[in-house]
Amino acid sequence: MSPQFLFTIEVIANGLMAGVMYSLVALGFVLIFKASGIFNYAQGVMALFAAMTLVGIQNGQVPFSHLINAVFGTNIHHFGWNLPAIVAILITLVVMVLFAILVERLILKHLVNQEPIILFMATIGLAYFMEGFGDLMWGSEIKILDVGIPSGGSLWLEEKTIGWAAEGSNYYGMYIDKLDMIATVVAILLVISLTLFSQYTKTGRALRAVADDHQAALSVGISLRKIWVIVWTIAGFVALVAGVMWGAKSGVQFSLSLIALKALPVLILGGFTSIPGAIIGGLIIGVGEKLFEFTIGPLIGGATENWFAYVLALVFLVFRPQGLFGDKIIERV
Amino acid sequence: MTEPSARTENDQAAQLPPGATAESVSEEHLLEINNIEVIYNHVILVLKGVSLTVPKGGITALLGGNGAGKTTTLKAVSNLLHSERGLVTKGTILYRGQPIADLNPSELVKQGVVQVMEGRHCFEHLTVEENLLTGAYTRRDGKAAVNRDLEMVYDYFPRLRDRRKSQAGYTSGGEQQMCAIGRALMSSPETILLDEPSMGLAPQLVEEIFEIVKKLNEQESVSFLLAEQNTNVALRYAHYGYILESGRVVMDGSAADLRENPDVKEFYLGVAEEGQKSFRNVRSYRRRKRWLS
């Protein structure tokens, strides 16, 4: 095999894995949108908040320490312990459940039956509030997230593939980040479990029922408020997973919340209402932007990764506005 | 926990021989609506004092034209008004003597009152069977009981058994109506509020649906409060009827009496007694009608 061909494969593989990372964020959007018709602008900030909370808890940071020190003149920052990653993740999960309950109590409950745009505005407000609240709680400095996920290129893969190229060619094997591989496995597990949950459990069935028809769901005795708490909890869980993966990749800092913007074209491609759509949309965008950068990028000066996804999304909006897998509107004939 | 006692009463009623329906309608009032007023969006007065009672084991029909307030009355009972910005501002609604205005729809379903909404409202992307199972959402009596009821629903609606794996959105209008009624049955209700079951269905199918309603009433002793525009069919199957006009009850009586009433005949059944009626007679009808509020 020629090195050129192998290199293309490597680009595609890397693109697929970058796509998985986008999909992780897009999933959270889809879940909430399906169940309540709300486009949750705060999804990216939720990922950031979850990652910050995880780091803070893991390192035994005192929440609101700056505030406490300023008010009481104390000087406390740490509890002086370091929790194992798994414990910290579980505690963060509890925090995300609390967060979901608070969102329902303080926001959604009061906005039932309002126009979608009003709910959208509410999530914008929520996003900015959480951004500030997260900083107040854990401090705004860049944090390093280490939950024991290995990173760096996989030597094993490099050694395996180095012999694939023809003798004497200048090829050093494939470089694929271990973190990306793990993210892929995690994303696959996440999608499988979400699908099983929504297809085969009573609550999952109720979630889909609510997504189809709020009124009818109410009439059979499904409590919308309970369903919303469940949905936001799941979205919080997905945000935590996305936050952990992205945080481990690029550090926990404000820009983490901007990954939500990268999820937008994924949603437009895959459709706002489809979980498989979010995954496949992510993969298409991941592979598309890497391949474009690799083949056409050098001709037009590079840095195409910044805009390629959005242009692709625009094209889709023109030709297939419901996305690849968006809910078909069922029409009987 | 009045649930178990209600069940045993139901069982006794179920042992009555078929044909004894009219007699099996007890004097006990399951649902009492006293003089309720409903306002939408804080300004639009839709019900201007509606009172009615639903006896245990009966089929009570709520008749009237478009916008008379039938659906609003049903939704006031099932507490689905809140989600449409409607509000009961006056009057009381009692179920088994207890006020139910503060219960949310979910608690009400647990009490045994479930609504089948106008226009079916099946969950389109769920299969027929999933739709039915969703109806059992509030139940806590285990899988076996739910499966038993699923079989019961399939026995009443054999067509649903054939379509159990199809997406509800792709089934016919009649099948969707059956699915909606079946879904309500899955909550093992005591009272079903049935809104316009005949809407958009062929006459033959309307008969089929009403036959099943009658059977459910007799064999499962489910009480029905039925809103219907199709006065003819409704009065043939119901035991008692109320006629609503622009938010008020203008007439009530046993279904047999209403069928014979000259005004009902003329204005709702479309049978004129003698020749062409003039507008003067219409006015006389207006004068004659009784305001219950």
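Worth saying up front: this structure is predicted, and the values here are computed from it rather than measured. Once a new chain begins, its residue numbering starts again from 1 and follows that chain's sequence as written. Chains and ligands are labelled sequentially in the order written, the chains with letters from A and the ligands with numbers from 1. Under the rules for a predicted model, residues below a pLDDT of 70 receive no local features and side-chain atom pairs below 80 are neither given nor counted, while totals for whole chains, interfaces and linings still include all residues. Calculation of side-chain values draws on the structure's entire complement of heavy atoms; hydrogens and water are dropped beforehand.

(A) Representation of the overall build of chain B. In terms of helices and strands, chain B carries 13 helices and 10 strands. Throughout this description, buried means an accessible area under 20% of the type-specific maximum (1.4 Å probe, protein chains only), exposed means over 50%, and partly exposed covers the range between. Residue burial in chain B is summarised as follows: out of 293 residues, 54% are buried. Contact criterion: two residues are considered in contact whenever any of their non-hydrogen atoms come within 4.5 Å of each other. Pairs at least 24 apart in sequence give 71% of the contacts found in chain B among residues at least 6 apart. Per-residue and other accessible areas follow the Shrake-Rupley method at a 1.4 Å probe size, with only the shown protein chains counted as cover for residues. Of the roughly 13,100 Å² that chain B leaves accessible, carbon and sulfur atoms contribute 50%. Numbering goes from the N terminus for both helices and strands, where a helix is a DSSP run of H or I of at least four residues and a strand is a run of E of at least two.

(B) Quick look at the overall build of chain A. Scanning chain A from N- to C-terminus turns up 13 helices and 0 strands. Starting at the N terminus and walking to the C terminus, you meet the elements of chain A as α-α-α-α-α-α-α-α-α-α-α-α-α. Taken over the C-alpha trace, chain A has a radius of gyration of 22 Å; the compact-globule value for 333 residues is 20 Å, and the two agree within 12%. Counting only residues that meet the buried cut, chain A has 51% of its 333 residues in that class. Taking all contacts inside chain A whose residues are at least 6 apart in sequence as the whole, residues at least 24 apart take part in 75%. For chain A, the computed accessible surface area is about 15,700 Å², with 70% contributed by carbon and sulfur atoms. Taking the average place of the 17 positive charges on the side chains of chain A and the average place of its 19 negative ones, the gap between the two points comes to 13 Å. Throughout, radius of gyration means the C-alpha value; the globule benchmark is 2.2 Å times the number of residues raised to the power 0.38. Lys and Arg are tallied as positive, Asp and Glu as negative. Neither His nor the chain termini are counted. A single reference atom marks each charge: NZ on Lys, CZ on Arg, CG on Asp, CD on Glu.

(C) Region of the structure containing the state of the cysteines. Residue and element names in this part refer to chain B. Throughout, a disulfide means two cysteine sulfur atoms within 2.5 Å of one another. Applying the stated criterion to the full structure yields 0 disulfides over all chains. Free cysteine Cys122: the closest other cysteine sulfur is in Cys179, separated by 3.7 Å. The exposure class of Cys122 is buried, given its relative accessible area of 7%.

(D) Main features of the nonpolar core. Residue types Ala, Val, Leu, Ile, Met, Phe, Trp, Tyr and Cys, when buried and joined through side-chain atoms within 4.5 Å, form a set referred to as a nonpolar core. Membership of the largest hydrophobic core comes to 98 residues, with the highest contact counts inside it found for Leu27(A), Phe99(A), Ile222(A), Ile227(A) and Trp232(A). Of the residues forming this core, the biggest block, 15 residues, is contributed by helix α10 (residues 224–250) of chain A. Apart from residues no more than four positions distant in its own chain, Phe99(A) is found in contact with Met46(A), Leu126(A), Met130(A) and Trp232(A). Judged by nonpolar contacts, the second largest core, of 52 residues, contains Val116(B), Phe157(B), Ile209(B) and Leu258(B).

(E) Geometry of the domain arrangement of chain B. All names here are of chain B. As assigned here, chain B comprises domain 1 (1–6 + 27–112 + 190–198 + 222–293) and domain 2 (119–188). Counting from both sides, the interface comprises 9 residues of domain 1 and, opposite them, 7 residues of domain 2. Buried surface area refers to the total accessible area, computed with a probe of radius 1.4 Å, that the two partners give up upon joining, counted for both partners together. Contact between domain 1 and domain 2 buries roughly 640 Å² in total, counting both sides, with carbon and sulfur atoms accounting for 64%. Basic side-chain nitrogens of Lys or Arg form a salt bridge, by our definition, when they fall within 4 Å of a carboxyl oxygen of Asp or Glu. Summed over the shared surface of domain 1 and domain 2, the result is 0 salt bridges. N or O atoms within 3.5 Å of each other form a polar contact, as long as, within protein, one can give a hydrogen and the other can take it, and as long as residues adjacent in sequence are counted only when both atoms are side-chain atoms. Linking domain 1 with domain 2 are 0 residue pairs in polar contact (both at pLDDT 80 or more), by the criterion used here. Put simply, the parts of the chain that give the side of domain 1 that touches domain 2 at least two residues each are α4 (105–111) and β7 (191–195). Looking at the side of domain 1 that touches domain 2, the element that brings in the most residues is α4, giving 3 residues. Across the side of domain 1 that touches domain 2, the residue classes break down as 5 nonpolar, 1 polar and 3 charged. Note that the domain bounds were set by an automatic or database domain assignment. Following the grouping adopted for this structure description, the nonpolar residues are Ala, Val, Leu, Ile, Met, Phe, Trp, Tyr, Cys and Pro, the charged ones are Asp, Glu, Lys and Arg, and the polar ones are all others, Gly among them.

(F) Fine view of the environment of Asn40(A). Residues and elements named next belong to chain A. Topologically, Asn40 is positioned in the loop between α1 (3–36) and α2 (43–58). By relative accessible area, Asn40 is classed as buried at 0%. Look past the residues within four positions of Asn40 in its chain and what remains in contact with it is Phe29, Ile32, Met46, Thr123 and Trp232.

(G) Main features of the sheet that holds strand β6 (residues 113–116) of chain B. Residue and element names in this part refer to chain B. A strand pair is defined by DSSP finding two or more bridges across the two strands. Pairing within the open sheet is mixed, and its 6 strands lie in the order β6-β7-β8-β3-β9-β10. The open sheet has two edge strands, β6 and β10 (248–254), and neither has a second partner. Along the sheet, successive strands turn relative to each other by an average axial angle of 15°, direction set aside. Where strand β9 (residues 240–245) meets β10, 6 bridges bridge the pair, whose relative direction is antiparallel. Directly across from Tyr240, in β10, lies its bridge partner Ser254. All axes here are fitted lines through C-alpha atoms, helices being fitted over the stretch that makes contact, and every angle between N-to-C directions spans 0 to 180 degrees. Relative to the sheet, helix α3 (residues 70–78) contacts β3 (59–63), β6, β7, β8 (223–228) and β9, its axis offset from that of β7 by approximately 150°.

(H) Just a positive patch on the surface, in detail. For patch detection, residues must exceed 30% relative accessible area and be free of salt bridges, and they are connected within 9 Å for like charges or within 5 Å for nonpolar side chains (Val, Leu, Ile, Met, Phe, Trp, Tyr). Taken together, the side chains of Lys202(A), Lys226(A), Lys110(B) and Arg140(B) present a region of like positive charge at the surface. With respect to the helices, strands and loops of the structure, Lys110(B) is situated in helix α4. Its relative accessible area of 46% is what places Lys110(B) among the partly exposed residues.

(I) Looking closely at the pattern of salt bridges. Residue and element names in this part refer to chain B. Applying the stated criterion across every chain, the model contains 19 salt bridges over all chains. Here Glu129 ties to Lys165 by a salt bridge, and the two come within 4.0 Å at their closest N and O atoms. Pair noted here: Glu129 is in helix α5 (residues 128–135) and Lys165 is in the loop between α7 (158–162) and α8 (173–185), with a separation of 36 residues, a long-range link. For Glu129, a relative accessible area of 14% puts it in the buried group. The network of salt bridges with shared partners includes Lys56, Arg96 and Glu190.

(J) Fine view of the side chain of Ser187(B). Residue and element names in this part refer to chain B. The residue Ser187 is located in the loop between α8 and β7 in this model. Ser187 gets classed as buried once you look at its relative accessible area, which sits at 6%. Within the structure, the side chain of Ser187 is placed 2.8 Å from the backbone oxygen of Ala184, a separation counted as a polar contact.

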